Amino acid sequence: MKSTVDTKSPAAQKNHRRIVDLLTQLKNEEELICVGGGSKAVDSQHKKGRLTGRERVKKLVDLGSHFFELGIYAAYEMYEEWGGAPGAGVITGLARVCGRTVMLIVNDATVKAGAFFPMTAKKVIRAQNIAIENRIPTIYLVDSAGIFLPLQEDVFPDTDDFGRVFRNNAVMSAMGIPQIAAIMGMCVAGGAYLPVMCDHILMTEGSGLFLAGPALVQAAIGQKTSAEELGGAKMHSQISGTVDFREPDDESCIARIRSLVDKMGAPNAAPFSHTKSRNPLYPGEGIYSIFTADPGKQYDVRDIIARIVDASEFDEYRAESGETLLCGYARIGGWAVGIVANQKKHVQTFARGSDQKRIEFGGVIYTESAEKAARFILDCNQNRIPLIFLHDVNGFMVGKDAEWSGIIRAGAKMVNAVANSVVPKISVICGGSFGAGHYAMCGKAYDPRFMFAWPTARYAVMSGDAAATTLAEIKLKQLEREGKKVDEKQKKEVYESIRSTYEYQTDPRYAAARLWVDAIIDPAHTRDALIWALEAAALNSELREFKTGVLQT
């Protein structure tokens with residue numbers, strides 16, 4: 001692919017500055033999240049002779065390797081009436097341990113003693129689901145006081161709440177996914193089941209493992225006992241026989257975990273094509289200058305792809321048809337992939353079934369685009385090629401011409417192909433991802449193995465301006481029916497209030513706080529994130545039979 005973008009132009013420089021400003025803001029926020037419960041809580045952890053969760057992660061992963069954190073924004077700006085829960089009090093992500101790709105799930109005891117908030121349970125379950133889908137060995141570093149009792153009604157009872165964690169432990173074990181749990185602090189109440197349902201259980205001196213702590217035992221049955229006698233490491237190692245390895249401290253426990261991982265058998269061979277990785281011809285930082293989130297501006301998504309794929313080589317599929325959706329084959333980190341990307345350049349083409357010229361707007365899915373993408377997705381499933389979706393989509397085309405051309409039928413065909421796809425799907429929301437276009441491009445509801453967002457991402461039913469206009473009209477008509485007169489100033493205030501709220505809810509941090517996306521990534525590091533995801537997906541050697549059911553034709 002040839003990229004001739006002028007990254008020195010005023011427009012490119014403006015794009016560059018905007019993304020760098022967003023990344024700087026995100027980096028500062030992430031640093032605050034990584035502090036956890038604050039310096040006093042960190043000091044308290046150290047006084048107990050324990051490392052913090054992040055210190056444990058640093059010692060566990062291979063020296064010089066990168067910890068690819070997932071869900072760092074979980075619970076962002078939530079639970080503020082309780083002092084907040086940075087990162088939802090748990091650290092999750094992919095890492096290399098003794099050369100193996102593993103999923104880490106690590107309680108952060110500096111945040112409310114590692115207690116489970118509603119989003120804590122959902123974050124742990126999301127990490128487990130990623131491990132299940134991709135057959136990733138999982139390591140739990142347990143240091144938690146159990147459920148955060150003031151919010152127990154939102155943590156305890158439902159299918160995606162606390163109990164699902166232990167159900168997943170059992171399912172993962174039955175699937176042959178290795179699980180190692182190390183108790184490195186408190187592990188109480190229902191949470192005590194997590195380590196005991198894993199393959200290997202380690203426990204450090206001074207830690208506690210019990211269904212009920214000393215105070216609750218005395219209240220329940222009148223029995224007085226110390227925490228160590230009730231559920232200490234020595235008791236569980238010598239008497240109950242629950243613990244496999246008793247370790248004196250965090251460092252020795254981490255060393256033992258690494259030793260166990262080192263002896264794990266190799267995974268089955270991946271069913272996907274893989275060759276030696278080759279770097280793109282153009283640096284990833286160029287994306288800063290190319291990409292614009294301004295809905296009135298255009299860019300060629302080929303220039304983005306050229307900075308992500310190996311050697312900037314891309315076999316474009318049906319390049320002259322349905323041009324507002326780009327489809328094609330490439331390699332990323334040596335892995336063969338099929339790419340479906342929204343093209344943001346306007347395209348001059350011919351109206352369907354005639355010789356009349358028309359303009360197709362970038363970022364809009366037309367009938368021909370949807371049909372092409374559906375066929376391409378079928379081909380990728382036929383040939384066992386993982387799919388990458390790059391979102392910057394306004395939605396499907398509307399209007400008489402679109403309806404007469406069968407846009408609903410074509411869209412249903414694309415949605416069917418995405419929904420029933422059996423190869424790994426990975427989505428990156430680069431700009432807008434609105435309405436049914438979000439679904440067709442493998443939105444959250446369509447089971448992408450991983451879902452990433454750029455800082456410029458926005459996704460909702462419709463864009464902020466369109467939604468604000470619609471909602472403001474409804475509000476104003478309601479006021480008029482109530483007999484209230486509204487002047488232009490009040491109309492503007494209503495519009496701006498609605499727009500501000502809507503824009504806040506479409507911010508990628510709002511989505512990441514609720515785990516609608518797994519990570520907000522630097523656009524320049526998109527390739528690295530995709531390589532992590534593809535390598536994780538390759539650990540699952542099983543693909544079920546591909547069927548679409550009734551396919552609209």
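The structure displayed is predicted, hence computed values, not measured ones.

A. Examining the packing of helix α3 (residues 53–60) against helix α10 (residues 250–262) more closely. Where α3 meets α10, the closest approach of the two axes is 10 Å, and the angle between their N-to-C directions is 45 degrees. As judged from the angle between their axes, α3 and α10 are oblique. Where α3 crosses over α10, the two elements pack in a sense that is right-handed. Across the interface between the two elements, Arg56, Lys59 and Leu60 of α3 pack against Asp250, Glu251, Ile254, Ile257 and Arg258 of α10. When its residues are assigned to classes, the contact of α3 with α10 shows 3 nonpolar, no polar and 5 charged.

B. Up close: the pairing of strand β6 (residues 200–204). Across the 5 residues that make up β6, a large majority, 4, are buried. Alignment of strand β5 (residues 179–188) against β6, held across 4 bridges, turns out to be parallel. Note on β6: the bridge partner recorded for Ala181 is Ile201. Pairing between β6 and strand β8 (residues 245–247): 3 bridges, direction parallel.

C. Spatial organisation of the packing of aromatic side chains. For the coordinates displayed, the defined rule picks out 19 aromatic pairs. Consider the rings of Tyr73 and Tyr76, whose centres lie 5.2 Å apart with planes at 75 degrees: the pair is edge-to-face. This pair shows no difference in class: Tyr73 is buried, exactly as Tyr76 is. Taken together, the aromatic side chains of Phe68, Phe450, Phe452 and Trp532 make up a single cluster linked through ring pairs. Taking NZ or CZ as reference, Lys400 lies 5.2 Å from the ring centre of Trp404, over its face. The positively charged end of Arg514 is found above the aromatic ring belonging to Tyr510, 3.5 Å away from the centroid.

D. Broad picture of unusual backbone geometry. The backbone of Ala113 shows a phi angle near 60 degrees, a positive value even though the residue is not glycine. Among the secondary structure elements, Ala113 is positioned in the loop between β3 (100–107) and α4 (118–134). Judged by its relative accessible area of 39%, Ala113 falls in the partly exposed class. Despite not being glycine, Leu515 has its phi angle at roughly 65 degrees, a positive value. Turning to its location among the elements, Leu515 is positioned in the loop between α19 (508–513) and β20 (519–520). Looking at Leu515, the relative accessible area reads 9%, which means it is buried.

E. Broad picture of the pairing of strand β12 (residues 347–350). The side-chain alternation of β12 yields one buried face, formed by Val347 and Thr349, and one unburied face, formed by Gln348 and Phe350. Between β12 and strand β13 (residues 357–360), which pair antiparallel one after the other, the connecting turn spans 6 residues, and Gly353 there sits at a positive phi close to 75 degrees.

F. Representation of the nonpolar core. Counting residues in each nonpolar core, the largest one holds 75 residues, and the members touching the most others are Ile339 and Phe452. The residues contacting Phe452, other than those within four sequence positions of it, are Phe68, Leu70, Ile426, Ser427, Val428, Ile429, Ala519, Ile521, Ala529 and Ala533. One finds Ile33, Ile72, Tyr73 and Ala511 within the second-largest nonpolar core, a separate group that totals 28 residues.

The rules behind each value
Residues numbered from 1 in each chain as written. Predicted model: local features only at pLDDT ≥ 70, side-chain atom pairs only at ≥ 80, totals over all residues. Heavy atoms only, no water. Axes fitted to C-alpha atoms, helices over the stretch in contact; angles between N-to-C directions. Helix = DSSP H or I, 4+ residues; strand = E, 2+ residues; numbered from the N terminus. Parallel < 35°, antiparallel > 145°, perpendicular 65-115°, else oblique. Left-handed = near helix turned anticlockwise from the far one by under 90°. Contact = heavy atoms within 4.5 Å. Nonpolar A, V, L, I, M, F, W, Y, C, P; charged D, E, K, R; others polar. Buried < 20%, exposed > 50% of the residue type's maximum accessible area, 1.4 Å probe, protein only. Pairing = 2+ DSSP bridges. Phe/Tyr/Trp six-rings, centres within 6.5 Å; stacked < 30°, edge-to-face > 60°. Lys NZ or Arg CZ within 6 Å of the ring centre and 35° of its normal. Core = buried A, V, L, I, M, F, W, Y, C linked by side-chain atoms within 4.5 Å.

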